[in-house]
Amino acid sequence: MIRARIEGTGSYVPQRVLTNQELEGIVDTSDDWITTRTGIRERRIADKDTTSGIATKAAKMALKDASVSPNEIDLIIVATVTPDMFFPSTACFVQSNLGIKKGVPAFDISAACSGFLYALDIADRYVRSGASKKVLVIGVDLFSRIIDWKDRNTCVLFGDGAGAVVLSAKKGKRGILSTHIHSDGDYWKILYAPSGISQKQSAKGSIEHPYLKMQGNETFKAAVRTMGKACMEALRYNGASAEDIALLIPHQANQRIIKAIQERLGLPEDKIYTNLERYGNTSAGSIPLALDEAVRNGRLRRNDLILFVAFGGGLTWASALVRW
Ligand code: ACO
């Protein structure tokens, strides 16, 4: 049976570190509030970097790690809600930056923080259908560009970052075992960024500012509910139980959300990978960034079962189970 196997991983974060202490000078907040409520201590903020720029850096690293040359890639998917431009897609910029051969399909998908798992789902289907052999999948966001730096409810939560994987079509038991993606558009108002084209003007004719808006408590509850369900769905589909999981790599939004999922699954703490204390919520970059770090820290061994789970604006939520 042909499966999509993760052959290489890569990631990139901008150099500039923004600490909680520095945020105390920007909005009415405290290191203690942010750490206690979220687990975040610092995040990275892009200066001149662009979304396609940091995506390209993460992709280069993943290609090198997989020992795959850009010419072998036959599909590029970028998950982002903060693209360089409305069009061309960020994936087209990455294609050009890396010199990936002409004619290869390249496109972006929009599912906010669930974006990387949505992209993985699509890539997996291309590989299993035989349409693609080597796929570059990138999750990347520069939320610093859509954050209202006067809004303490949101500006403390996010950071910028990118992660990438190279998938190869391989026979055998290792690779992506399942993906499940979901959405419920009725919940769009709990988390959105109104920087659109078709809805550029409000009813009164004024242009809405583009910043991210969030109902924190509602988002928190939706995150716990949907990610809990998504984990159970992945386990049930594969006839697996929580004890079989070697590592859970959840979307890195809030330590308390992750803790609630951990308790629902009954997993010990050492089976959960977190790095949000250093990067905050990097949206579509979050899971592949954590994955790349976990790989480099020696946390994944061959044949381990790795569970990924995410939620994001939309509302969207998703899971993937991988035999490493
Ligand atoms: N510093 C100090 N006080 C603050 C801050 C801050 N940065 N932000 C809010 N507060 C205040 C509030 O004003 C409120 O004060 P009040 O009681 O006087 O009104 C108080 O702290 C409590 O606010 P709550 O919103 O009830 O705090 P809560 O414990 O719910 O934590 C948080 C807020 C961290 C935002 C939490 O709700 C959360 O993490 N929600 C999920 C967010 C999330 O994951 N978003 C990303 C989604 S993924 C995507 O697709 C982008």
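Residues numbered from 1 in each chain as written. Predicted model: local features only at pLDDT ≥ 70, side-chain atom pairs only at ≥ 80, totals over all residues. Heavy atoms only, no water.

Engineer: Can you help me understand the pairing of strand β12 (residues 305-312) in this one?
Structural biologist: Successive residues of a regular strand alternate their side chains across the two faces of the sheet. Burial analysis of β12 places eight of its eight residues in the buried class, the great majority of the element. Here β12 shows no split at all, with L305, L307, V309 and F311 on one side and I306, F308, A310 and G312 on the other all buried. As paired strands, β12 and strand β13 (residues 316-323) are joined by eight bridges and run antiparallel to one another. What sits directly across from A310, in β13, is A318. Hairpin geometry of β12 and β13 is characterised by an intervening segment of three residues between the two adjacent antiparallel strands and by a positive phi of about 150 degrees at G314. (Buried < 20%, exposed > 50% of the residue type's maximum accessible area, 1.4 Å probe, protein only. Helix = DSSP H or I, 4+ residues; strand = E, 2+ residues; numbered from the N terminus. Pairing = 2+ DSSP bridges.)

Engineer: I keep staring at the layout of surface pockets and nothing clicks. Help me out?
Structural biologist: Over the atoms a probe the size of a water molecule is rolled, and this reveals where empty space is left. Taken as a whole, the second largest pocket holds about 480 Å³ of empty space. Contributing to the lining of the second largest pocket are 21 residues, with L157, M214, G216, F220 and N254 lying nearest its centre. Listing elements by their share of the lining of the second largest pocket, those giving two or more residues are α2 (31-38), α7 (216-237), α8 (255-265) and β12. Looking at the lining of the second largest pocket element by element, the count peaks at four residues for α7. (1 Å grid on protein atoms, 1.4 Å probe; cavity = no way out; pocket = protein on both sides within 12 Å on 5 of 7 lines; lining within 4 Å. Points joined across faces, edges and corners; volume = space filled by probe spheres on them.)

Engineer: Help me out: how do you make sense of the sheet that holds β12 in this one?
Structural biologist: Across a sheet, paired strands are connected by hydrogen bonds in the backbone, their directions being either parallel or antiparallel. Across the sheet, four strands lie side by side as β8-β13-β12-β11; this open sheet has mixed pairing. Strands with a single pairing partner mark the edges of an open sheet, and in this sheet they are β8 (175-183) and β11 (247-250). Strand-to-strand, the axes of this sheet are offset by a mean angle of 10 degrees, without reference to chain direction. Relative to β12, β11 runs parallel, the two sharing four bridges. Bridge pairing links I249 to F308 in β12. Strands in contact with helix α5 (residues 115-128) are β8, β12 and β13; relative to β8, the strand with the most contacts, it is inclined by about 125 degrees. Against the sheet, helix α10 (residues 286-296) contacts β11 and β12, and its axis sits at roughly 145 degrees relative to β11. (Axes fitted to C-alpha atoms, helices over the stretch in contact; angles between N-to-C directions. Contact = heavy atoms within 4.5 Å.)

Engineer: Where do I start with the packing of helix α3 (residues 51-66) against helix α4 (residues 90-98) in this structure?
Structural biologist: A pair of packed helices is characterised by two quantities: the angle between their axes and the separation of those axes. Viewed as axis vectors pointing N to C, α3 and α4 meet at an angle of 55 degrees, and their least axial separation amounts to 9 Å. When the axes of α3 and α4 are compared, the pair comes out oblique. Read as a crossing pair, α3 and α4 show a hand that is right-handed. Contacts between α3 and α4 involve T51, S52, A55, T56, A59, K60 and L63 from the former and T90, F93, V94, N97 and L98 from the latter. Considering only residue class, the contact of α3 with α4 consists of six nonpolar, five polar and one charged. (Parallel < 35°, antiparallel > 145°, perpendicular 65-115°, else oblique. Left-handed = near helix turned anticlockwise from the far one by under 90°. Nonpolar A, V, L, I, M, F, W, Y, C, P; charged D, E, K, R; others polar.)

Engineer: Please clarify how the nonpolar core should be interpreted in this entry.
Structural biologist: Note on soluble globular proteins: their nonpolar side chains tend to be buried together. Within the largest apolar cluster, 44 residues are counted, with the highest numbers of intra-cluster contacts made by C231, L248, I257, L265, L307 and F311. Of all elements in the fold, only α7, α8, β12 and β13 reach the threshold of two or more residues within this core. The biggest single contributor to this core is α7, with eight residues. Discounting residues that sit within four places of it in the chain, L265 has contacts with C231, M232, L235, A242 and L248. Within the second largest apolar cluster, 35 residues are counted, among which are V127, I249, I306 and W324. (Core = buried A, V, L, I, M, F, W, Y, C linked by side-chain atoms within 4.5 Å.)

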